[in-house]
Amino acid sequence: MSPDAAPAVGTHHCCDAMNSRVNVRCDRHDGPFACPDALIGFSAKFQEYGLIIHDGGTASITIDFCPWCGRRLPESQRNRWFDELGHRRFDPWEDKVPAAFQDDRRLAAPPQD
């Protein structure tokens, strides 16, 4: 999971417990990877959830099921993200990624081949 762990506006997670854990806000730390109270990160652009590893970086371990309600979490859209950027001839390592690819807006449209 990437460091863009803030949820997209309007994102509803599988249960109230997941909502509260993903949306932890701290006025003492700059973000979820710096806050020891933040346990779960969510990448809107990839639709991935992960257990945050508090080691000073932005690492997490991707999870497939909610630790609280047990529901299966959405399928990762990581490959779709890279495929769609590639079709548009964007290199996410070199080029500025379009705004629509910074969150989950593009997921409303079917994948482009």
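Definitions and limits used
Residue numbering note: each chain is counted from 1, following its sequence as written. Note on the predicted model: pLDDT of at least 70 is required for a residue's local features to be given, and 80 or more for side-chain atom pairs to be given and counted; whole-chain, interface and lining totals, by contrast, use all residues. Computation of side-chain values: all heavy atoms of the structure, hydrogens and water removed. By this definition, two strands are paired if DSSP reports at least two bridges between them. Elements are defined by DSSP. Helices are runs of H or I of four residues or more, strands are runs of E of two residues or more, and each kind is numbered from the N terminus. Interaxial angle, 0 to 180 degrees, is taken between N-to-C directions of lines fitted to C-alpha atoms, where a helix line uses only the stretch in contact. Working definition: rings of Phe, Tyr and Trp (its six-membered ring) pair if their centres are within 6.5 Å, and the pair is stacked with planes under 30 degrees apart, edge-to-face with planes over 60 apart, and tilted otherwise. Burial classification: accessible surface area is computed with a 1.4 Å probe over protein chains only, and a residue below 20% of its type maximum counts as buried, one above 50% as exposed, and the rest as partly exposed. Counted as over-ring charges are cases with an Arg CZ or a Lys NZ within 6 Å of the ring centre that also lie within 35 degrees of the ring normal. What makes a nonpolar core is a set of buried Ala, Val, Leu, Ile, Met, Phe, Trp, Tyr and Cys residues whose side-chain atoms join them at distances within 4.5 Å. Per residue, pLDDT captures the predictor's confidence, and it can take any value from 0 to 100. Residue contacts are counted whenever heavy atoms from the two residues lie within 4.5 Å of one another.

### Notes on the sheet that holds strand β1 (residues 40-43)
Then, in step 1: In space, the 3 strands of this open sheet follow the order β1-β2-β3, with antiparallel pairing throughout. Edge positions in the sheet fall to β1 and β3 (60-63), since each of these pairs with one other strand and no more. Shown here is a sheet whose adjacent strand axes are inclined to one another by a mean of 35 degrees, direction ignored.
Then, in step 2: With 4 bridges joining them, β1 and strand β2 (residues 48-52) adopt antiparallel strand pairing. Looking across to β2, one finds that Gly41 is bridged to Gly50.

### Observations concerning the packing of aromatic side chains
The geometry of an aromatic ring pair is captured by two quantities: the separation of the ring centres and the angle between the planes.
Then, in step 1: One pass over the structure, following the stated rule, counts 5 aromatic pairs.
Then, in step 2: Considering the side-chain rings of Phe42 and Tyr49, the 4.6 Å spacing of their centres and the 45 degrees angle between planes classify their relative orientation as tilted. With respect to class, Phe42 is no different from Tyr49; both count as buried.
Then, in step 3: Plain terms: the ring middles of Trp81 and Phe82 are 4.8 Å apart, the flat faces sit at 85 degrees to each other, and that makes the pair edge-to-face.
Then, in step 4: Residue class for Phe82 comes out partly exposed when judged on its relative accessible area of 29%.
Then, in step 5: Chaining the aromatic ring pairs together yields one cluster made of Phe46, Trp81, Phe82 and Trp93.
Then, in step 6: A cation over a ring is seen here: Arg78 above Phe46, with NZ or CZ 4.1 Å from the ring centre.

### Examining the nonpolar core
Then, in step 1: Counting residues in each nonpolar core, the largest one holds 11 residues, listed as Cys14, Cys15, Met18, Val22, Ile40, Phe42, Ala44, Tyr49, Ile63, Cys66 and Leu73.
Then, in step 2: Elements supplying a minimum of two residues to this core: α1 (16-22) and β1.
Then, in step 3: Listed in part, the 5 residues of the second largest apolar core include Trp81, Leu85, Val97 and Phe101.

### A short note on the confidence of the model for the chain
Then, in step 1: Per-residue confidence for the chain gives a mean pLDDT of 86, with 87% of residues at or over 70.
Then, in step 2: Counted against residues more than four places away or in other chains, residues 1-9, with its pLDDT under 50, gives 35 contacts.

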